[in-house]
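# Descriptive analysis of the structure
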Amino acid sequence: MSVAHLIQFKTSNPDEIHSQLRGYAERELDRNPPKGFKSSRILLGKDGKNVAFYTEWDSEEALDDTRDSAPWEACMDLSDVHAESSHETFFSIAR
(Lines give C-alpha, C1' and ligand atoms only; values in the text may rest on other atoms or scores of the structure.)
Protein backbone atom coordinates (compact mmCIF):
# COMPACT_ATOMS: atom_id res chain seq x y z
CA MET A 1 0.00 0.00 0.00
CA SER A 2 1.27 3.48 -0.85
CA VAL A 3 2.29 5.69 2.04
CA ALA A 4 2.99 9.36 2.67
CA HIS A 5 5.38 10.89 5.15
CA LEU A 6 5.12 14.46 6.43
CA ILE A 7 7.73 16.04 8.65
CA GLN A 8 6.99 19.53 9.94
CA PHE A 9 9.57 21.92 11.34
CA LYS A 10 8.59 24.89 13.49
CA THR A 11 11.26 27.55 13.14
CA SER A 12 12.06 31.24 13.28
CA ASN A 13 14.49 30.68 10.38
CA PRO A 14 12.52 28.90 7.62
CA ASP A 15 15.05 29.79 4.89
CA GLU A 16 17.74 27.52 6.38
CA ILE A 17 15.41 24.52 6.60
CA HIS A 18 13.93 25.19 3.17
CA SER A 19 17.45 25.31 1.73
CA GLN A 20 18.40 21.97 3.34
CA LEU A 21 15.24 20.25 2.15
CA ARG A 22 15.47 21.68 -1.37
CA GLY A 23 19.10 20.56 -1.67
CA TYR A 24 18.26 17.05 -0.50
CA ALA A 25 15.28 16.77 -2.85
CA GLU A 26 17.31 17.97 -5.84
CA ARG A 27 20.44 15.89 -5.11
CA GLU A 28 18.92 12.66 -3.84
CA LEU A 29 15.30 12.39 -4.95
CA ASP A 30 15.27 14.14 -8.32
CA ARG A 31 18.64 13.01 -9.71
CA ASN A 32 18.64 9.40 -8.57
CA PRO A 33 15.27 8.49 -7.05
CA PRO A 34 15.39 5.64 -4.54
CA LYS A 35 13.37 2.53 -5.27
CA GLY A 36 9.72 3.08 -4.40
CA PHE A 37 9.87 6.89 -4.37
CA LYS A 38 6.85 8.63 -5.97
CA SER A 39 6.99 12.37 -5.27
CA SER A 40 7.99 15.12 -2.85
CA ARG A 41 6.92 18.62 -1.98
CA ILE A 42 8.29 21.30 0.30
CA LEU A 43 5.58 23.32 2.00
CA LEU A 44 6.14 26.77 3.51
CA GLY A 45 3.74 27.90 6.22
CA LYS A 46 1.90 31.13 5.52
CA ASP A 47 2.82 32.17 9.06
CA GLY A 48 6.54 32.19 8.15
CA LYS A 49 7.35 29.83 11.01
CA ASN A 50 6.71 26.39 9.54
CA VAL A 51 8.33 24.29 6.84
CA ALA A 52 7.10 20.82 5.91
CA PHE A 53 8.57 18.08 3.76
CA TYR A 54 5.98 15.78 2.19
CA THR A 55 6.96 12.58 0.37
CA GLU A 56 5.00 9.71 -1.19
CA TRP A 57 6.25 6.12 -1.49
CA ASP A 58 5.12 2.83 -3.05
CA SER A 59 5.38 1.11 0.33
CA GLU A 60 6.35 1.58 3.95
CA GLU A 61 9.46 -0.51 3.32
CA ALA A 62 10.66 1.88 0.58
CA LEU A 63 10.21 4.83 2.96
CA ASP A 64 12.01 3.01 5.78
CA ASP A 65 14.95 2.13 3.52
CA THR A 66 15.38 5.78 2.57
CA ARG A 67 14.92 7.07 6.12
CA ASP A 68 17.82 4.80 7.15
CA SER A 69 20.15 6.30 4.53
CA ALA A 70 22.97 8.66 5.43
CA PRO A 71 21.80 11.49 3.11
CA TRP A 72 18.28 11.48 4.63
CA GLU A 73 19.62 11.40 8.19
CA ALA A 74 22.08 14.22 7.46
CA CYS A 75 19.38 16.42 5.93
CA MET A 76 16.97 15.86 8.81
CA ASP A 77 19.73 16.44 11.40
CA LEU A 78 20.75 19.72 9.73
CA SER A 79 17.13 20.80 9.50
CA ASP A 80 16.61 20.00 13.18
CA VAL A 81 19.54 22.29 14.07
CA HIS A 82 17.50 25.25 12.78
CA ALA A 83 14.14 24.10 14.16
CA GLU A 84 12.59 24.79 17.52
CA SER A 85 10.64 21.55 17.11
CA SER A 86 9.71 18.94 14.54
CA HIS A 87 6.92 16.42 14.16
CA GLU A 88 6.52 13.42 11.84
CA THR A 89 3.24 11.99 10.59
CA PHE A 90 2.71 8.86 8.49
CA PHE A 91 -0.29 8.20 6.26
CA SER A 92 -1.66 5.40 4.14
CA ILE A 93 -2.71 6.79 0.78
CA ALA A 94 -6.36 5.85 0.36
CA ARG A 95 -6.72 7.13 -3.18
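Below is a short write-up of the structure. Residues take numbers from 1 onward in each chain, read along the sequence in its written order. Residue-level local features of this predicted model are given only where pLDDT is at least 70; pairs of side-chain atoms are given and counted only at 80 or more, and the full residue set underlies all totals for whole chains, interfaces and linings. To obtain the side-chain values, all non-hydrogen atoms of the structure were included, while hydrogens and water were left out.

### Some remarks on helix H3 (residues 70–81)
Only DSSP runs of H or I with at least four residues qualify as helices, and only runs of E with at least two residues qualify as strands; both kinds are numbered from the N terminus onward. Expected helix span is computed as 1.5 Å times (number of residues minus one). Here H3 is 12 residues long and its end C-alpha atoms lie 16 Å apart, about the 16 Å a rise of 1.5 Å per residue gives. Buried within H3 are the following residues: Trp72, Cys75, Met76 and Ser79. An end-on view of H3 places all buried positions within 95° of arc, on one side of the element. Exposed and facing more than 90 degrees away from the buried side of H3 are Ala70 and Val81. Contact partners of the buried residues in H3: strand E1 (3–10), helix H1 (14–30), strand E3 (50–57) and helix H2 (60–67). Partly exposed residues are those whose accessible area sits between 20% and 50% of the maximum for their type, while under 20% is buried and over 50% is exposed, using a 1.4 Å probe and protein chains only. Throughout, the arc means the angular range of directions from the helix axis out to the C-beta atoms. Here a residue-residue contact requires only that any non-hydrogen atoms of the pair lie within 4.5 Å.

### Let's talk about the pairing of E1
Two faces belong to every sheet, and in a regular strand the side chains alternate between them. Summarising burial for E1: 6 of the 8 residues are buried, a large majority. Bridge count between E1 and E3: 8 bridges; the pairing is antiparallel. The residue of E3 that forms the bridge with Val3 is Trp57. For two strands to count as paired, DSSP must find a minimum of two bridges between them. Pairing analysis gives 8 bridges linking E1 to strand E4 (residues 85–92), with the strands arranged antiparallel.

### Examining the sheet that holds E1
Taken together, 4 strands build an open sheet; the order of strands is E2-E3-E1-E4 and the sheet is antiparallel. Strands with a single pairing partner mark the edges of an open sheet, and in this sheet they are strand E2 (37–44) and E4. Taking each pair of neighbouring strands and ignoring which way they run, the sheet shows an average axis angle of 15°. Relative to E3, E2 runs antiparallel, the two sharing 7 bridges. Residue pairing in the sheet places Ser40 in a bridge with Thr55 of E3. Each axis is a line fitted through C-alpha atoms, taken for helices only over the stretch in contact, and angles between the N-to-C directions span 0 to 180 degrees. Against the sheet, H1 touches E1, E2 and E3, its axis set at about 20° to E3. Along the sheet face, H3 touches E1, E3 and E4 and points at about 30° away from the line of E1.

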